[in-house]
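Reading the structure
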Amino acid sequence: MRAIHIKLWRDLRRLRAQVATIALVVAIGVAGFVGMFSVHASLQGSRDDFYRDNRLADVFASVKRAPVHLRERLAAIDGVVEVKLDVAFDAQIALAGADAPVTGRFIGLDLARVHARRQGLNALTLRGGRWPETGREMEAVVSDRFAVARGLRAGDRVNAILNGRLERVHLVGTAISPEYVFASRGGAPDDQSFGIWWIDSERMRHAFDMQGAFNQVSLRLDAGASEPAVIEAADHLLDAYGALGAVGRDKQLSAKIVADELAQLKVMGTVLPAIFLAVAMFILNVVVSRQVATQRSQIAALKALGYGDGAIAGHYIQLALVIAGLGVLAGLALSVWIGQLMLGLYDEVFRFNRLAYVTTPWLVGAAAAIATAAAAAGTWTAIRAVVRLRPAQAMQPPAPPHYRQTLIERLGLGRRVGTGALMVIRNFERRPMRAAFTVTGIALAVALQISGAFWLDAIAHIVDVQFRQVQQGDVLVNFHRPVPLTVVQDLRRLPGVIDAEPYRSEPVRVRVRGQSEDAQLLGLTDNARLMRAVDDARGPVAMPAQGLVLSSLLARALGAGVGDRVEVEFRLWSQTRAQVEVVDVVHTMMGQQAFMRLDAMNALARDGAGVAEAALLVDPQAMAAFWDAVKRAPVINAVFDKASTMQSFNETTSRNMGVFSGILTLFAVAMAVGIVYNAARITLSERAWELASLRVLGMTRAEVSVLLLAQLGAELLLALPIGGATGWALATLLMRLMSSDNIDFPVVIEPSTYASAVLIVLAAGLASALMVRRHIDRLDLVAVLKVRE
């Protein structure tokens, strides 16, 4: 073994504690990068396989009612190779043992094709039980996620109100569908309150009086077809039948939610690991710089023995690469744990045919290349000047730095500052870049902790706005068809109902200056209390007597503002078009929405004064009697129970975000320990002779420790407010990267989140200081004083 290789292993052994902490920071960066991108690749691959195997359609459209003979005209559209027509309606379902009814979407299933294994587009995969059979009893398979959430099994029976008639439904199996990976009526997925039920298509048509008709269509396109052209042709063909507007797969509700989740995961896998690798590069730079500075004589000896500049530079780069290599190996092992943990969480919400954790070779290679490049870059900047020295120059100690009075001393304030504090100030002023790097690293640890914990604050804010400010009612009910406004009086007579307010929600297409967007138009009563439009900054917004109020997401997509006149096309009942002025824009967090006064909306639609929804305020003590009455109301076909939805949402998000936040907390602690410990060890190695001299002059171990660790404490305290500001900036960046045209994530960070981040990093700094204090206590004064660097 060559001498330079022996030196490499001796250096690694002597620096083992610092090697371990640096490798840990590298490992975390690699683990985050590989783990999150592997989960992304696993989910994306499973999704694509599921969509392909179960033949998810390319274009989707809903209509009010259209004749089945349109199949041939739809199939004749240029680029369309397959057409599927469906009948689908929402209905109220009473589950055994549950007080509140739930909403189910009933969809017709061609049993002949199912049993012949020729389902066509949007094919189901049976997860348990069997397929329905024709017969006297209505049999159904239900979406697997809903069955799991509600504890349903094959053999259970439920009561459903289908088109105003009470039906007994026999559950015979569970299934998953590529069309409903996430099942939702338009808001956040809620497996407790909403499920998909597939029954015999003939019984479905008979139950909803849809013989010879359909209300949903799916199209598969040829590989070279133009999707916008097909959508335009389908809309033109279906417009006369109450079309809601055809959409491509990228805008189909379930597929869009899945795509948004994958995009958010990709952002997290890019931004956070980059922070760790940058910090690792900084620490390596400082450690190797110190290593080179203390080994000038050894470098000179190696040069005298014939080693060239390249060999010596390669030696120090090898030192960094070994550390990076250890970090990469540990990171790859850690990435498997992180990836499988996160994939397990996603497996609870994504229902694919197969979902397995996979790490691709290119991802491992990319992580190793990034880590080694960062290590080599950090090392090269530290050694490039020293290795070029001639042997005679390298044998001499480095020229002492030019000392001068600090700014405080020049201002005449030096006498008012204690000796220890003055020494800290001098070190800050004489090595400003190193202090700045240390402060920056600690600040990033604080920021990382905040960026992991603030999600719970943001979600709590969303829940507060959506469920306590926007929806102040306890229950929302939906009617199968528009009913007169007098229905409010009937609702108020239900047991326990304190108040009831009607509102109207209808899909519309809004156009301005050649730009069009599909949106939901909400018609609210004057001085509405139970269902309101709420601006995130201004609070509740009163509806003007005339004019249209746009959500900020819709206004941004349209490029519209106050004073613009837009065209509103009603898509469901009246199918009329009208011009209306935009009179306000409200900042809402979710959905492309528009708002109007209910009477103004009915006048604009020119279809009477009916409503199809209502919000109810119910006495909590009378909930059981209220639900019994709702189950016997045939006009109500869907319900939304705010309490159960909030409970389900909070349980799911608290569990998932708690795991994610916990992982980032551990990472932040590891980063803080790595930075603080290495900074303290480097300072100790530089000032060992000085500290030993002070010990000989009579200072105690505690006094010497204070002199060394005071600078570290000052850097730590200085980093905390910077870390808080950086945490807010990082949270803002993540939210901007993750926001889409349907959701605008708020940046909400509670004081308790800042406080917990500060305390966690302070605790990590204190632990690091205690470890360094042990090294101060063990200083060999004789050995240290023998050598003066």
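So, here's what we can say about the structure. (Residues numbered from 1 in each chain as written. Predicted model: local features only at pLDDT ≥ 70, side-chain atom pairs only at ≥ 80, totals over all residues. Heavy atoms only, no water.)

Let us now look at the sheet that holds strand 10 (residues 213-221). Pairing is antiparallel in the open sheet, where four strands are placed in the order 2-10-1-11. Each of the sheet's edge strands pairs with one partner strand only, and the pair in question is strand 2 (80-86) and strand 11 (247-248). Pairing between strand 1 (residues 59-67) and strand 10: six bridges, direction antiparallel. Along strand 10, the bridge assignment pairs P67 with A213. Here helix 7 (residues 227-238) sits on the sheet and contacts strand 1, strand 2, strand 10 and strand 11; the angle it forms with strand 10, its principal contact strand, is near 160 degrees. (Pairing = 2+ DSSP bridges. Helix = DSSP H or I, 4+ residues; strand = E, 2+ residues; numbered from the N terminus. Contact = heavy atoms within 4.5 Å. Axes fitted to C-alpha atoms, helices over the stretch in contact; angles between N-to-C directions.)

Across the interface, helix 1 (residues 3-14) lies against helix 10 (residues 309-347) with an axial gap of 10 Å and an inter-helix angle of 35 degrees. For the pair helix 1 and helix 10, the crossing hand works out as right-handed. Where helix 1 approaches helix 10, its residues I4, H5, K7, L8, D11 and L12 are matched on the opposing element by A311, I312, H315, Y316, Q318, L319, V322 and I323. (Left-handed = near helix turned anticlockwise from the far one by under 90°.)

Take the nonpolar core next. L43, F350 and L524 are the most contacted members of the largest nonpolar core, which has 109 residues in total. With 19 residues, helix 20 (residues 642-696) is the single largest residue contributor to this core. Ignoring any residue separated from it by four or fewer positions in sequence, one finds L524 in contact with Y503, M531, R532, A533, M543, F595, M596, R597 and L598. One finds V87, L152, A160 and W197 within the second-largest nonpolar core, a separate group that totals 26 residues. (Core = buried A, V, L, I, M, F, W, Y, C linked by side-chain atoms within 4.5 Å. Buried < 20%, exposed > 50% of the residue type's maximum accessible area, 1.4 Å probe, protein only.)

Here we come to the pattern of salt bridges. Within this structure, the stated rule accounts for 26 salt bridges. A salt bridge links D564 to R513; the nearest nitrogen and oxygen atoms lie 3.4 Å apart. Residue D564 is found in the loop between helix 17 (552-558) and strand 18 (565-570), and its partner R513 is found in the loop between strand 13 (497-512) and strand 14 (515-524); the two are separated by 51 residues along the sequence. A salt bridge links R597 to D526, with the nearest nitrogen and oxygen atoms 3.7 Å apart. Remark: D526 occurs in the loop between strand 14 and strand 15 (533-535) and R597 occurs in strand 20 (residues 593-597); sequence separation between them is 71 residues. The class for R597 is buried, based on a relative accessible area of 15%. Members of the salt-bridge network, linked through shared partners, are D49, R52, D53 and R354. (Salt bridge = Lys/Arg side-chain N within 4 Å of Asp/Glu carboxyl O.)

To continue, consider unusual backbone geometry. The phi torsion at N122 lies on the positive side, around 55 degrees, for a residue other than glycine. Along the chain, N122 turns up in the loop between helix 4 (111-115) and strand 5 (125-129). Residue class for N122 comes out buried when judged on its relative accessible area of 3%. Unlike most non-glycine residues, N163 shows phi in positive territory, near 55 degrees. Position of N163 relative to the elements: it lies in the loop between strand 7 (157-162) and strand 8 (165-176). Classification of N163 as buried rests on a relative accessible area of 17%.

On to helix 2 (residues 16-53). Three or four residues apart is the spacing at which side chains of an α-helix point the same way, because the helix has 3.6 residues per turn. For helix 2, which comprises 38 residues, the first-to-last C-alpha distance of 52 Å matches the rise-based estimate of 56 Å (1.5 Å per residue) to within 8%. Extensive coverage of helix 2 is indicated by the burial of 27 of its 38 residues. Downstream of helix 2 by one or two residues, R55 has phi in the positive range, about 55 degrees. (Expected span 1.5 Å × (residues − 1).)

For the rest of this paragraph, the subject is helix 7. The terminal C-alpha atoms of helix 7, which comprises 12 residues, lie 16 Å apart, in line with the 16 Å expected from a rise of 1.5 Å per residue. Of the residues making up helix 7, those classed as buried are V230, I231, A234, D235, L237 and L238. Down the axis of helix 7, the buried set is contained in an arc of 165 degrees. They therefore lie on one face. Across from the buried face of helix 7, at angles greater than 90 degrees, the exposed residues are P228, E232 and H236. Buried residues along helix 7 sit against strand 1, helix 3 (70-75), strand 2, strand 10, strand 11 and strand 13. (Arc of directions from axis to C-beta.)

Attention shifts here to the environment of I176. Summarising the element assignment, I176 is placed in strand 8. Leave out the neighbours within four places in its chain, and I176 touches F50, A123, L124, T125, R127, D144, R351, F352 and N353.

For the rest of this paragraph, the subject is the pairing of strand 9 (residues 194-200). The buried count for strand 9 comes to seven of seven residues, which makes it a mostly enclosed element. Bridge count for strand 4 (residues 102-109) against strand 9 is seven bridges, and the pairing is parallel. By the bridge assignment for strand 9, R105 is matched with I196. Pairing of strand 6 (residues 138-143) with strand 9, which is carried by three bridges, proceeds in the antiparallel orientation. Bridge pairing links V142 to W197 in strand 9.

Interpretation in functional terms is not warranted from these geometric data alone.
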